[in-house]
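Coordinates in review
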Amino acid sequence: MGCFAKGCLILIAFFIILGIAFIGGTYVAVRYLKSEYFPTTGVQLPANVATETEQQTARARWTEFENVARARKPARVEFTADELNALIASKPKLRGKAHVSIDNNIAQLRLSARLNDVRWLRGRYVNAECAIQSAPSKDPRDARITRIVVNGRQLGDEVLRWQYRSWSLRYYLTEWMDENDLKTFEIADNKIILETKGSGE
C-alpha cells in the first residue's frame, strides 16, 4: 500500500473518530442540559378566574387595538392585571402557562410551559419569571426588564440580547413595537397602558 493510500486511510480514520467524539460529546451535553437546566415538572401558577365573557371582552379590546395600531392610526388601550390574565386565558396556546400581577406599578410576569415542540426537550419545562417597569419617558424601548429567573437560575438583563443567528428577545420586542407603531408604554395606577403614534395620518 502506497503512502498516499495510507494517508487517506489515516485521514478517514481521524474523521470517523472525530465524528464519534462529536456525537458522543453532543449526547452527553444534551443529557446534562436536560437534567440540570430543564426540570420535568412545571410551576403552579395562580388560577385564572376570568369568566368566558371577560375573556372575550379582553380579547376584543386587544384585537381592536392591534387592528387600529397596524393601520397606523392613533390608539390607546389600558389593562389591569385581571384583564391581562383574562386576555391570556382567551388564547388556548397561553392558557394556564402565564400569569401577570401588578404591584406598586411593577408588573411581574410568570411563565411555566412544557417544551413538547422541542424534540430533545419533550417532557421538560421552562419555568421563568421577570419584573417589568416602564421608563419615566414612557418610551417602550427604555422599559426595564429585571429580576429574570429561568428554571431557578438568576440571569442578568443581558439575556435579552443573547442571539440565535439574527434573533434575540430584544430584537423580537423591537420588531413588535415597530409593527404596532407603539409610541408609549406605561405602568401607572397598576395598569399597563399602551399608546400608538398614529404615524399613518
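See the structure above.
Below is a short write-up of the structure.

Describing the nonpolar core
Soluble, globular proteins show a tendency: their nonpolar side chains are buried together. Ranked by size, the top nonpolar core spans 27 residues in total, and within it Phe65, Ile102, Ile132, Phe185, Ile187, Ile192 and Leu194 carry the most contacts. Looking at this core, the elements with two or more residues in it are α2 (52-70), β1 (76-80), α3 (81-89), β2 (98-103), β4 (125-133), β5 (144-150), β7 (182-188) and β8 (191-196). Considering every element that reaches this core, the biggest residue donor is α3, with five residues. The residues contacting leucine 194, other than those within four sequence positions of it, are Trp62, Phe65, Ala75, Arg76, Val77, Trp176, Leu182, Thr184 and Phe185.

Examining the side chain of threonine 184
Relative to the assigned elements, threonine 184 resides in strand β7. Accessibility expressed as a relative area gives 13% for threonine 184, which makes it buried. Contacts of threonine 184, omitting those with residues within four sequence positions, involve Lys138, Pro140, Ile193, Leu194 and Glu195.

Regarding the sheet that holds strand β6 (residues 153-155)
An order of β2-β3-β4-β5-β6 is seen for the five strands of this open sheet, with the pairing classed as antiparallel. Both edges of this open sheet fall to β2 and β6, since each of them pairs with a single strand only. For this sheet the average axis-to-axis angle between neighbouring strands, irrespective of direction, equals 20°. Pairing geometry for strand β3 (residues 106-114) and β4, over eight bridges, is antiparallel. Note on β4: the bridge partner recorded for leucine 109 is cysteine 130.

What to know about unusual backbone geometry
A positive phi angle is found at asparagine 104, which is not glycine, with a value near 55°. Backbone geometry at asparagine 105 places phi at a positive 60°, although glycine is not the residue there. Inspection of the secondary structure puts asparagine 105 in the loop between β2 and β3.

Quick word on the environment of asparagine 190
Mapping asparagine 190 onto the fold places it in the loop between β7 and β8. Measuring from C-alpha to C-alpha, the distance between asparagine 190 and aspartate 103 comes to 6.4 Å, with 87 residues separating the pair along the chain. Discounting chain neighbours no more than four positions away, the residues touching asparagine 190 are Thr80, Ile102, Asp103, Asn104 and Asn105.

Describing α2
The end-to-end C-alpha distance of α2, which contains 19 residues, comes to 27 Å, matching closely the 27 Å that a straight helix rising 1.5 Å per residue would cover. Residues of α2 that are buried include every one of Gln55, Ala58, Trp62, Phe65, Glu66 and Ala69, and no others. Along the long axis of α2, the arc covered by the buried residues comes to 100°, so they all point the same way. Away from its buried face by more than 90 degrees, α2 exposes Glu52, Thr53, Glu64 and Asn67.

Some words on the packing of α2 against α3
Two numbers describe how α2 lies on α3: the axes approach to 8 Å, and their chain directions differ by 90°. Regarding the angle of α2 to α3, the classification is roughly perpendicular. In this structure, α2 contributes Glu54, Gln55, Ala58, Arg59, Arg61 and Trp62 to the contact, and α3 contributes Glu83, Ala86, Leu87 and Ala89. Partitioned by chemical class, the residues of the contact of α2 with α3 number five nonpolar, one polar and four charged.

Let's talk about the side chain of serine 134
Checked against the element boundaries, serine 134 lands in the loop between β4 and β5. Engagement of the side chain of serine 134 in a polar contact is seen with the backbone nitrogen of isoleucine 187, the distance being 3.1 Å. Excluding residues within four positions of it along the chain, serine 134 makes contact with Phe185, Glu186 and Ile187.

What counts as what
Residues numbered from 1 in each chain as written. Predicted model: local features only at pLDDT ≥ 70, side-chain atom pairs only at ≥ 80, totals over all residues. Heavy atoms only, no water. Core = buried A, V, L, I, M, F, W, Y, C linked by side-chain atoms within 4.5 Å. Buried < 20%, exposed > 50% of the residue type's maximum accessible area, 1.4 Å probe, protein only. Helix = DSSP H or I, 4+ residues; strand = E, 2+ residues; numbered from the N terminus. Contact = heavy atoms within 4.5 Å. Pairing = 2+ DSSP bridges. Axes fitted to C-alpha atoms, helices over the stretch in contact; angles between N-to-C directions. Expected span 1.5 Å × (residues − 1). Arc of directions from axis to C-beta. Parallel < 35°, antiparallel > 145°, perpendicular 65-115°, else oblique. Nonpolar A, V, L, I, M, F, W, Y, C, P; charged D, E, K, R; others polar. Polar contact = N/O pair within 3.5 Å; in protein donor to acceptor, adjacent residues only side chain to side chain.

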